[in-house]
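Letter by letter, the chains look like this.
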Amino acid sequence: MIWKRSATLDQLNAMGANNMVGLLDIQFDVFTDESLEATMPVDSRTHQPFGLLHGGASVVLAETLGSVAGYLCTEGSQKVVGVEVNANHIRSVRSGRVRGVCTALHAGSRHQVWQIEIFDEEGRLTCSSRLTTAVV
């Protein structure tokens with residue numbers, strides 16, 4: 001197990017109250033020893049003007065997953081901040097929910113690198129993202 005903090009899915013979902021995570025209805029729903037997963041709706045909140053999932057919304061899901069996973073890998077008063085995020089948008093999505101799956105590429109004491117893959121409801125890869133965080 002890579003996590004240093006213990007948390008429940010209810011606690012992770014409560015972190016989204018009164019911020020962008022809650023506004024976009026991002027829901028954490030899988031928390032294993034090695035990964036963290038969350039879903040996000042593809043609807044008017046996350047569409048771009050042409051009715052497709054906005055690339056920025058995919059990045060919000062990716063950064064949310066990586067930042068929360070990063071926090072779970074810290075101790076005491078440590079926090080994480082995003083340093084760099086990138087995303088390759090591979091397939092468009094018009095509706096439903098997308099699922100982000102976050103795994104650690106490196107979970108160090110000063111910086112972390114997270115891989116986040118986002119899938120549509122048919123399990124097709126829609127976005128591949130990487131987030132680098134600094135531990136502060």
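For the structure, see preceding data.
Because the structure is predicted, anything quoted here is derived from the model rather than measured. (Residues numbered from 1 in each chain as written. Predicted model: local features only at pLDDT ≥ 70, side-chain atom pairs only at ≥ 80, totals over all residues. Heavy atoms only, no water.)

J.: Could you give an account of the sheet that holds strand E4 (residues 96-107), with specific residues and numbers?
T.: Judged by pairing direction, the sheet is antiparallel, and its 6 strands sit side by side in the order E1-E2-E4-E5-E6-E3 without closing on themselves. Since the sheet does not close on itself, it has two edges, and those belong to strand E1 (27-31) and strand E3 (80-89), each with one partner. When strand polarity is set aside, the average angle formed by the axes of neighbouring strands in this sheet is 25 degrees. Inspection of the sheet shows strand E5 (residues 111-119) paired to strand E6 (residues 125-135) by 9 bridges, in the antiparallel sense. Residue pairing for E6: Trp114 is matched across the bridge by Leu131. (Pairing = 2+ DSSP bridges. Helix = DSSP H or I, 4+ residues; strand = E, 2+ residues; numbered from the N terminus. Axes fitted to C-alpha atoms, helices over the stretch in contact; angles between N-to-C directions.)

J.: Go over the packing of aromatic side chains, please, and point to the residues and values.
T.: Under the criterion given, the structure shown has 2 aromatic pairs. For the pair Trp3 and Phe31, a centre-to-centre distance of 5.5 Å together with 50 degrees between the ring planes defines the contact as tilted. With Trp3 in the segment before helix H1 (9-14) and Phe31 in strand E1, this pair connects stretches of sequence that are 28 residues apart. The class of Trp3 is buried, set by a relative accessible area of 9%. Both rings, one in Trp3 and one in Trp114, keep their centres 6.3 Å apart while their planes meet at 5 degrees; by these two values the pair is stacked. (Phe/Tyr/Trp six-rings, centres within 6.5 Å; stacked < 30°, edge-to-face > 60°. Buried < 20%, exposed > 50% of the residue type's maximum accessible area, 1.4 Å probe, protein only.)

J.: Give a description of the layout of surface pockets that names residues and reports values.
T.: The volume enclosed by the largest pocket comes to roughly 240 Å³. Lining of the largest pocket is provided by 13 residues; of these, Met15, Val21, Thr64, Ser67 and Val68 occupy positions nearest its centre. Among the elements that make up the lining of the largest pocket, the one with the highest residue count is helix H3 (residues 55-72) (5 residues). (1 Å grid on protein atoms, 1.4 Å probe; cavity = no way out; pocket = protein on both sides within 12 Å on 5 of 7 lines; lining within 4 Å. Points joined across faces, edges and corners; volume = space filled by probe spheres on them.)

J.: Got a sec to walk through the side chain of Ser129? Specific residues and values, please.
T.: Within the secondary structure, Ser129 sits in strand E6. Contacts of Ser129, omitting those with residues within four sequence positions, involve Ala62, Val85, Asn86, Ala87, Trp114, Gln115 and Ile116. (Contact = heavy atoms within 4.5 Å.)

J.: Tell me about H3, residues and numbers included.
T.: What sets the pattern is the α-helix's 3.6 residues per turn: residues three or four places apart point alike. When the terminal C-alpha atoms of H3 are compared, their 26 Å separation across 18 residues agrees well with the 26 Å that a helix rising 1.5 Å per residue should span. Among the residues of H3, Ala57, Ser58, Val60, Leu61, Ala62, Thr64, Leu65, Gly66, Val68, Ala69, Gly70 and Leu72 are the ones counted as buried. (Expected span 1.5 Å × (residues − 1).)

J.: Describe a nonpolar patch on the surface, listing the residues and the values that go with them.
T.: Taken together, Val81, Val83 and Val136 make up a surface patch of nonpolar side chains, about 260 Å² in accessible area. Position of Val136 among the secondary structure elements: in the segment after E6. Under the relative-accessibility criterion, Val136 is labelled exposed at 57%. (Patch = residues over 30% accessible without salt bridge, like charges linked within 9 Å, V, L, I, M, F, W, Y side chains within 5 Å. Areas by Shrake-Rupley, 256 points an atom, 1.4 Å probe, with all protein chains shown as cover. Salt bridge = Lys/Arg side-chain N within 4 Å of Asp/Glu carboxyl O.)

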